[in-house]
Amino acid sequence: AEGCGFYKLFWLFLIGSLLGDFTETIFCRITAGVWMSRSSLVWGPFSIVWGLAIAIATALLYKDREKPDRHIFLIGTFLGGTCEYVCSVFTELVFGTIFWDYSHIPFNLAGRINLLYCFFWGIAAAVWMKVLYPRLSRLIERIPMKAGKVLTWVIVVFMVFNMAISALALGRYQQRQSAPDAPTNGFTEFLDHYYPDERIHQVYPNMKQVTD
């Protein structure tokens, strides 16, 4: 996992997903006074937006990691906002749902991103590259090579399956809303049993259906 290759980036994606979920959960608790799920997946506290943003930012900023904080802040502001915007468009097009809406916050772009949170991304990028990344990078590199490779691929398989079942559960949720009388089969009954509307609302409390 030396340097900035696949193994390093995957572990940073995983750690970033966890840290992002915890950060947003605490932020919602402080600002809204409630504990709220901020996970992107049905299994575990993983924020895919944060994980992707951190992995992509690390890959792109790795060569500039010694540059001034303001340089990393500006690039992080742009990259974080871009990643959040793309993820918002993707989930709306694929699942017909909106998982966050910043329309009530000044200087927003179609409610998908806003200037304040983009600045948060920039601050997070600077803190990440200057403070957290060097420490976590050293910790990751201390994982024994053979055990680390096996563990990495076990988690890769788990995350791929987690993403797949989350996508299927969301797709089935959308189908229940748009065509509640549609024929079912063994697999859709499985999804209905383990991922009913109540479960989906619990995992994605801010989710909104896109209406024509």
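As the structure is a computational prediction, the values presented were derived from the model and not from experiment.

### Examining the nonpolar core
Counting 49 residues, the largest nonpolar core has M159, I200 and Y204 as its most contacted members. Mapped onto this core, the elements with two or more residues apiece are α1 (6–32), α2 (48–61), α3 (69–95), α4 (115–141), α5 (145–178) and α7 (197–203). Residue contributions to this core peak at nine residues, all from α4. In this structure, M159 is in contact with F10, F13, L14, L41, F46 and I48, ignoring residues within four places of it in sequence.

### Here we look at the pattern of salt bridges
On inspection of all chains with the given rule, the structure shows seven salt bridges. With a closest N to O distance of 2.9 Å, E141 and K8 form a salt bridge. On the criterion of sequence distance, the pair formed by E141 in helix α4 and K8 in helix α1 is long-range, its members being 133 residues apart. Classification of K8 as buried rests on a relative accessible area of 1%. With a shortest N-O distance of 2.7 Å, R176 and D192 are connected by a salt bridge. Placement of R176 in helix α5 and of D192 in helix α6 (residues 186–194) is noted, with a sequence separation of 16 residues between them. In this structure, a network of salt bridges that share partners links the residues R172, R176, D192 and D197.

### Some remarks on the environment of T23
Looking at where T23 falls in the secondary structure, it is placed in helix α1. Once the C-alpha coordinates of T23 and S47 are considered, the two residues, 24 residues apart in sequence, prove to be 9.9 Å apart. One polar contact links the side chain of T23 to the main-chain carbonyl oxygen of L19, over a distance of 2.7 Å.

Rules of the game
- Residues numbered from 1 in each chain as written.
- Predicted model: local features only at pLDDT ≥ 70, side-chain atom pairs only at ≥ 80, totals over all residues.
- Heavy atoms only, no water.
- Core = buried A, V, L, I, M, F, W, Y, C linked by side-chain atoms within 4.5 Å.
- Buried < 20%, exposed > 50% of the residue type's maximum accessible area, 1.4 Å probe, protein only.
- Helix = DSSP H or I, 4+ residues; strand = E, 2+ residues; numbered from the N terminus.
- Contact = heavy atoms within 4.5 Å.
- Salt bridge = Lys/Arg side-chain N within 4 Å of Asp/Glu carboxyl O.
- Polar contact = N/O pair within 3.5 Å; in protein donor to acceptor, adjacent residues only side chain to side chain.

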